[in-house]
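Chain residues, written in single-letter form:
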Amino acid sequence: MPSLPHPILAEITRGGIVESAHSGCAVVVDGGGGIVAEWGDSARLTYPRSSNKILQALPLIESGAADRFQVSKAELALACASHRGEIQHVETVQAWLARMGLSDADLECGSHWPFDEAATLALARSGATPTAAHNNCSGKHTGFLATALHLGEPLKGYIGYDHPVQRRITETLSEMLEVDLFAAPWGADGCGIPTMAAPLKSLALSMAKCADPSRLPPRRAEAVRRLVDAMATEGFYVDGTLGFATRLMAVAGAQIVCKIGAEGVFTAIVREKGWGIALKIEDGTARAAEIALGGVLRALGLLSEAQQLALADILTVPVKTRAGVHVGDLRAADLGTPGAF
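Below you will find a few notes about this structure. Every value quoted in this text rests on a predicted model; they were computed, and no experiment measured them.

## Some details on the overall build of the protein chain
Part 1 of the reasoning: Along the backbone of the protein chain there are 15 helices and twelve strands.
Part 2 of the reasoning: Taken against the 2.2 N^0.38 rule, which gives 20 Å for 341 residues, the C-alpha radius of gyration of the protein chain at 19 Å falls within 12% of a compact globule.
Part 3 of the reasoning: Over its C-alpha atoms, taken along the principal directions, the protein chain stretches across nearly 60 × 50 × 35 Å.
Part 4 of the reasoning: Counting the 341 residues in the protein chain, one finds 56% classified as buried.
Part 5 of the reasoning: For the protein chain, restricting intrachain contacts to residue pairs at least 6 apart in sequence, the fraction spanning at least 24 positions comes to 65%.
Part 6 of the reasoning: With the model as given, the accessible surface of the protein chain reaches about 13,500 Å², and the carbon-plus-sulfur share is 52%.
Part 7 of the reasoning: Looking at charge distribution, the protein chain has the averaged site of its 30 positive side-chain charges lying 1 Å from that of its 36 negative ones.

This is the structure:
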């Protein structure tokens, strides 16, 4: 394996040469914290951003809020999602809010146009503008509101570092990553909530615990299983119609559950092995993070030939001219021999 702190994980070819390259770090960890495979510096301090939403959603179930408000599997998936603002995403969030006597106005995540191009065009043609429900994090924030409402906590200011909702999440993350995140560097995520920095291998460990929750306390293990199952079976609500994660999870048959985060972070839960994967692209490029995750999965021998064929167009993305002529590829770097780990 490369010994460089930030080896090349993805590259773009054109005309027979590598035109550009994306460096980064990736690590695979088992449930006991052992490193299965590593590319680069797995101790790199990293903001997980949205790649750890499944962990942020644990209090939604553990508090009893999910059962009280009859949160569906699709809604649980949305609580773990960075959705694309398609109409089903927005309407599901709004229906969940309404069921609790709340509305878009209670969300503190801010608004933006949908990530899905067709959804943006449809919204613009209608003459409407996006609300907070269109925010890709609106499902997660609805889960935060559900927990606060259930526990009788203030709804206003729920995104603040010292609000009970965020303190509870920080405690949960600290337990799952085995890092004291109350003492860690932190900043505001794009949706306004705190995001705490931790070693990349700690993030991978938390995903390994999700892959095999048998070592966790019973209540947490059950919450993990419910959320992993929701993401695996309701992939559309996690990443939309055309999303990389949606495609990958559908083809992987619920054995691989994955979630991208901003600034080139990606995590994956490998259920059949009990492994967790975390990677970070140094330049923060999402396209490189997706390609690199595919490369890691292939290097680990986790994708069959049939699965690789079904995912061929997202594992290696053609670079085309404006006229549609294939002139190069966005592809994973050579990360090792499949099955060597």
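## Focus on the pairing of strand β8 (residues 256-261)
Part 1 of the reasoning: For β8, the tally of buried residues reaches six of six residues, placing the bulk of the element in the interior.
Part 2 of the reasoning: Where β8 and strand β9 (residues 265-270) come together, six bridges link them in antiparallel fashion. Bridge pairing in β9 links Ile 256 to Val 270.
Part 3 of the reasoning: Taking the residues between adjacent antiparallel strands as the criterion, β8 and β9 are bridged by three residues, where Glu 263 takes a positive phi near 60°.

## Some thoughts on the side chain of Arg 220
Part 1 of the reasoning: If you trace the backbone, Arg 220 turns up in helix α10 (residues 218-233).
Part 2 of the reasoning: Side chain to side chain, Arg 220 and Glu 62 meet in a polar contact 2.6 Å long.
Part 3 of the reasoning: What Arg 220 contacts, discounting residues up to four positions off in sequence, is Leu 58, Glu 62, Thr 172, Glu 175 and Met 176.

## Structural notes on the packing of aromatic side chains
Part 1 of the reasoning: One pass over the structure, following the stated rule, counts four aromatic pairs.
Part 2 of the reasoning: Here the aromatic rings of Phe 244 and Phe 266 are separated by 5.8 Å at their centres, their planes lie at 65°, and the arrangement is edge-to-face. One end of the pair, Phe 244, is in helix α12 (residues 244-251); the other, Phe 266, is in strand β9, and 22 residues separate them in sequence. The burial state of Phe 244 is the same as that of Phe 266; both residues are buried.

## What to know about the state of the cysteines
Part 1 of the reasoning: Evaluation of the coordinates by the stated rule reveals zero disulfides.
Part 2 of the reasoning: Free cysteine Cys 258: the closest other cysteine sulfur is in Cys 80, separated by 13 Å.
Part 3 of the reasoning: Classification of Cys 258 as buried rests on a relative accessible area of 1%.

## Points about the side chain of Arg 168
Part 1 of the reasoning: Relative to the assigned elements, Arg 168 resides in helix α8 (residues 164-177).
Part 2 of the reasoning: Those residues within four positions of Arg 168 in sequence are excluded, and the remaining contacts are Pro 59, Thr 147, Leu 151 and Glu 153.

About the cut-offs
Residues numbered from 1 in each chain as written. Predicted model: local features only at pLDDT ≥ 70, side-chain atom pairs only at ≥ 80, totals over all residues. Heavy atoms only, no water. Helix = DSSP H or I, 4+ residues; strand = E, 2+ residues; numbered from the N terminus. Rg over C-alpha atoms; globule rule 2.2 N^0.38 Å. Buried < 20%, exposed > 50% of the residue type's maximum accessible area, 1.4 Å probe, protein only. Contact = heavy atoms within 4.5 Å. Areas by Shrake-Rupley, 256 points an atom, 1.4 Å probe, with all protein chains shown as cover. Lys, Arg positive; Asp, Glu negative; His and termini not counted. Charge placed at Lys NZ, Arg CZ, Asp CG, Glu CD. Pairing = 2+ DSSP bridges. Polar contact = N/O pair within 3.5 Å; in protein donor to acceptor, adjacent residues only side chain to side chain. Phe/Tyr/Trp six-rings, centres within 6.5 Å; stacked < 30°, edge-to-face > 60°. Disulfide = S-S within 2.5 Å.

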